[in-house]
Structure formats: structure tokens, C-alpha cells
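Observations on the model geometry
Spelled out, the chains give:
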Amino acid sequence: MANHKATKKDVRQAAKRRERNKYYGKTTRNAIRDLKALKTGAEATKEFPEVASMIDKLAKRGIIHKNKAANLKSKLAKKINTLAK
């Protein structure tokens, strides 16, 4: 355990950030799962910008890598385009 006051504070802050990041990550994964489960192109097209925004925010916060974010969005867009046809 940390002995210095500042280090103890840093441990508390890191724990708070970790919890917040877990929440954002899990929420986004659930949104991606729900988007993949949609069967109609109209619904998926409507939901896609929201999910893409969530993915971008994860990359901006450093929770996921920017290339992973790009890959996720690309795969989702492909899936939605096939549904829309």
C-alpha cells in the first residue's frame, strides 16, 4: 500500500477511472451487440451513428486503440450495408 498522501490519492483516482472506463467499455460492447442483432436495415442505419460515436469516444479516452475503433466501425458499416440492400 502507498505511504505518501499524494500516492494514496493517485490510487483512489486510478480506481475511480478504472470503474468509469469499465462502464463505458461495457456499455459500448452492449450497444455493438444490440446493433449486430438488428435484422432490418432501417433500424440499423438509425442506430449506427450513435454506436459509432460511442466507439470514437472510447478511442479518444484511450480505452481502446484508435485502429481497433476504426476496425469496429468498418465491420459494423459493412454489416449494415448488407442489411440495407
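So, a few notes on the structure that sits alongside this text. (Residues numbered from 1 in each chain as written. Predicted model: local features only at pLDDT ≥ 70, side-chain atom pairs only at ≥ 80, totals over all residues. Heavy atoms only, no water.)

1. Points about the pattern of salt bridges
- Under the defined criterion, the tally for this structure stands at three salt bridges.
- A salt bridge links Asp-34 to Arg-33; its shortest N-O distance comes to 3.5 Å.
- Across the pair Lys-73 and Asp-56 runs a salt bridge, and its minimum N-O distance is 2.7 Å. One end of the pair, Lys-73, is in helix α3 (residues 66-84); the other, Asp-56, is in helix α2 (residues 41-61), with 17 residues separating them in the sequence.
- Under the relative-accessibility criterion, Lys-73 is labelled partly exposed at 25%. (Salt bridge = Lys/Arg side-chain N within 4 Å of Asp/Glu carboxyl O. Helix = DSSP H or I, 4+ residues; strand = E, 2+ residues; numbered from the N terminus. Buried < 20%, exposed > 50% of the residue type's maximum accessible area, 1.4 Å probe, protein only.)

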